[in-house]
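Chain by chain, the residues:
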Amino acid sequence: MTSAAVARALERVQAGSLLDRADGVALIEAPPADCPAVLHAAAALRDAGKGHTVTYSRKVFLPLTNLCRDDCGYCTFRRDPGQAGAHTMSLDELLAVCEAGARLGCKEALLSLGDKPEARFPEHRDWLRRHGYRTTLDYVVAASRAIVEHTSLLPHANPGLMSERDLHALRESNVSVGLMLETAADRLGEPGGPHHGAPDKAPRLRLRTLAAAGRVGLAVTTGILIGIGESRAERVEALLAIRELGDRYGHVQEVIIQNFRTKPGIPMAHHPEPDLDELRRTIAVARLLLGPAMNVQAPPNLSPGTYPALIAAGLNDWGGISPLTIDYINPEAPWPHLTALARATAAAGGRLRERLAIYPEFIGRPGFLPGTLRARVAAHIDETGLVREETAARIGGAA
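What you are looking at is a predicted structure, and each value in this text was computed from that prediction instead of being measured.

Regarding the overall build of the protein
1) Next: When helices and strands are tallied, the protein shows 15 helices and nine strands.
2) Next: Taking 399 residues into account, the globule formula puts the C-alpha radius of gyration at 21 Å, and the protein, at 20 Å, falls close to it.
3) Next: Each principal axis of the C-alpha atoms in the protein carries an extent, and together these give about 65 × 55 × 40 Å.
4) Next: Of all 399 residues assigned to the protein, the portion counted as buried reaches 59%.
5) Next: Long-range contacts, defined as pairs at least 24 residues apart, comprise 76% of the intrachain contacts of the protein with a sequence gap of at least 6.
6) Next: Accessible surface for the protein amounts to roughly 15,500 Å². Of this, 55% is attributable to carbon and sulfur atoms.
7) Next: For the protein, the distance from the average site of its 45 positive side-chain charges to the average site of its 45 negative ones is 2 Å.

A word on the nonpolar core
Note that soluble globular proteins tend to have their nonpolar side chains buried in a common cluster.
1) Next: Formed by 92 residues in total, the largest nonpolar core has its most connected members in Leu94, Ile257 and Trp318.
2) Next: Ranked by size, the runner-up nonpolar core spans 16 residues in total, among them Leu154, Ala219, Phe368 and Val387.

Some points on the packing of aromatic side chains
1) Next: Scanning the entire structure with this criterion turns up five aromatic pairs.
2) Next: Ring plane angle 45 degrees and centroid distance 4.9 Å describe the contact between Tyr133 and Tyr139, whose orientation is recorded as tilted.
3) Next: When its relative accessible area of 19% is taken as the criterion, Tyr133 is described as buried.
4) Next: For Tyr139, a relative accessible area of 3% corresponds to the buried category.
5) Next: An aromatic cluster of three or more residues is present, and its members are Trp127, Tyr133 and Tyr139.
6) Next: Against the face of Phe362 rests Arg365, its NZ or CZ located 4.3 Å from the ring centre.

Points about helix H12 (residues 338-347)
1) Next: For H12, every residue scored as buried is listed here: Leu338, Leu341, Ala344 and Thr345. On an axial view of H12, the arc spanned by its buried residues comes to 125 degrees, and they lie on one face. Set apart from the buried face of H12 by more than 90 degrees, the exposed residues are Arg343 and Ala347.
2) Next: Where H12 is buried, its residues touch strand S1 (53-65), helix H11 (307-311), strand S8 (317-321) and strand S9 (351-355).
3) Next: Positive phi shows up at Gly349, right after H12, with a value of about 90 degrees.

Topic: the environment of Cys72
1) Next: Checked against the element boundaries, Cys72 lands in the loop between S1 and helix H4 (91-103).
2) Next: Separated by 129 residues in sequence, Cys72 and Lys201 place their C-alpha atoms 8.7 Å apart.

Quick look at unusual backbone geometry
1) Next: At Lys116, a position not held by glycine, the phi torsion is positive, near 45 degrees.
2) Next: With respect to the helices and strands, Lys116 occurs in the loop between strand S2 (108-113) and helix H5 (122-130).
3) Next: Backbone geometry at Glu182 places phi at a positive 70 degrees, although glycine is not the residue there.
4) Next: In this fold, Glu182 is placed in the loop between strand S4 (176-178) and helix H8 (203-216).

Remarks on the pairing of strand S6 (residues 252-259)
1) Next: Counted residue by residue, S6 has eight buried out of eight residues, so it is predominantly covered.
2) Next: With seven bridges joining them, strand S5 (residues 220-226) and S6 adopt parallel strand pairing. Pairing of Thr222 across the sheet is with Val255, part of S6.
3) Next: Crossover S5 to S6 through helix H9 (residues 232-249) is right-handed.
4) Next: Here S6 runs beside strand S7 (residues 296-297); their pairing, made up of two bridges, is parallel. In the sheet register, Val255 faces S7, and the bridge partner there is Val296.

So, the packing of H9 against helix H10 (residues 276-290)
1) Next: Look at H9 against H10: their axes get within 10 Å of each other, and the N-to-C directions meet at 35 degrees. H10 is crossed by H9, and the crossing has right-handed handedness. Contacts between H9 and H10 involve Arg232, Arg235, Val236, Leu239, Leu240 and Arg243 from the former and Asp277, Glu278, Arg281, Thr282, Val285, Ala286, Leu289 and Leu290 from the latter.

The rules behind these values
Residues numbered from 1 in each chain as written. Predicted model: local features only at pLDDT ≥ 70, side-chain atom pairs only at ≥ 80, totals over all residues. Heavy atoms only, no water. Helix = DSSP H or I, 4+ residues; strand = E, 2+ residues; numbered from the N terminus. Rg over C-alpha atoms; globule rule 2.2 N^0.38 Å. Buried < 20%, exposed > 50% of the residue type's maximum accessible area, 1.4 Å probe, protein only. Contact = heavy atoms within 4.5 Å. Areas by Shrake-Rupley, 256 points an atom, 1.4 Å probe, with all protein chains shown as cover. Lys, Arg positive; Asp, Glu negative; His and termini not counted. Charge placed at Lys NZ, Arg CZ, Asp CG, Glu CD. Core = buried A, V, L, I, M, F, W, Y, C linked by side-chain atoms within 4.5 Å. Phe/Tyr/Trp six-rings, centres within 6.5 Å; stacked < 30°, edge-to-face > 60°. Lys NZ or Arg CZ within 6 Å of the ring centre and 35° of its normal. Arc of directions from axis to C-beta. Pairing = 2+ DSSP bridges. Right-handed = clockwise from strand over helix to strand, strands pointing away. Axes fitted to C-alpha atoms, helices over the stretch in contact; angles between N-to-C directions. Left-handed = near helix turned anticlockwise from the far one by under 90°.

This is the structure:
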């Protein structure tokens, strides 16, 4: 790709034009000499839409079950029944963690779990039946309702593929839901690919769930996973697929650019990780493709020591950070301390602010926040829709 193509794409950014695939590919494949201009354009676009505020959500991470019918080449989270560490949380366990998190100032209850384990494991079907549930998603709904009924937290469920019926059931107790698209490249599901043996990672199925969330009126967090064997052009195609859904339904509140990290014992243990250049250019192109209004995140615990560089690439959010629970998906990667994160954010010209699991622009938007949760949300926020600073100051940098 030539510098002329990059220049044309950046001119379209300056003109406020909607970038297309060719523009995105030109920018993400920019030669090293052109990368500073791409990063500068992304940061300027972020500033135009978000100012200098960089947000995060204080959460508890709830691994509701780590049983999963999928086998992904990069995952250490999933277990089979009977395998060391295999566990499905009871409601009592879940509520105890939520109550402890609330005492530490957490507002978000992140429910993460494997995809449809009952489709693969009779042991899990038996567990569900004994506890009065037909499916794992029925249990997610019950868990979300229990969190709202018994704690002060706001649920945000990440249960994998969902039907419109599932999403309707979750809507009254979840302020938002999450589903990573990860990739739009079907070929990654072919033999030898990271998604071979993972039927729930088919891009068309994940896009179908994301579209259903839009029809239901649920704010959704999604994103891509980079460095798992996709090409740069395929990253652009995934971002454009997300943009198209967000434009159609207005429900995409956040796009995560998550970098693959290798771990011992996974099939991809020797697969190379994307370097900082790959992460920064992908964040920048996400900003330029998705525009000034989108919230663009990169998990800080997966890239320690690079925070100013990531802000300079155009992100405006660090995602969820917990003072209590580890990142069960990446257990080797500790959360940053909030004081250090605030200092690094300030060094890059930003200001760290706490948000809820639903972004400010969705709180007042008709049809997105259920009436049952409005008072709970309102109790936490100031006129900007972010967590009141005096509340955050009382808790301190305890993550």
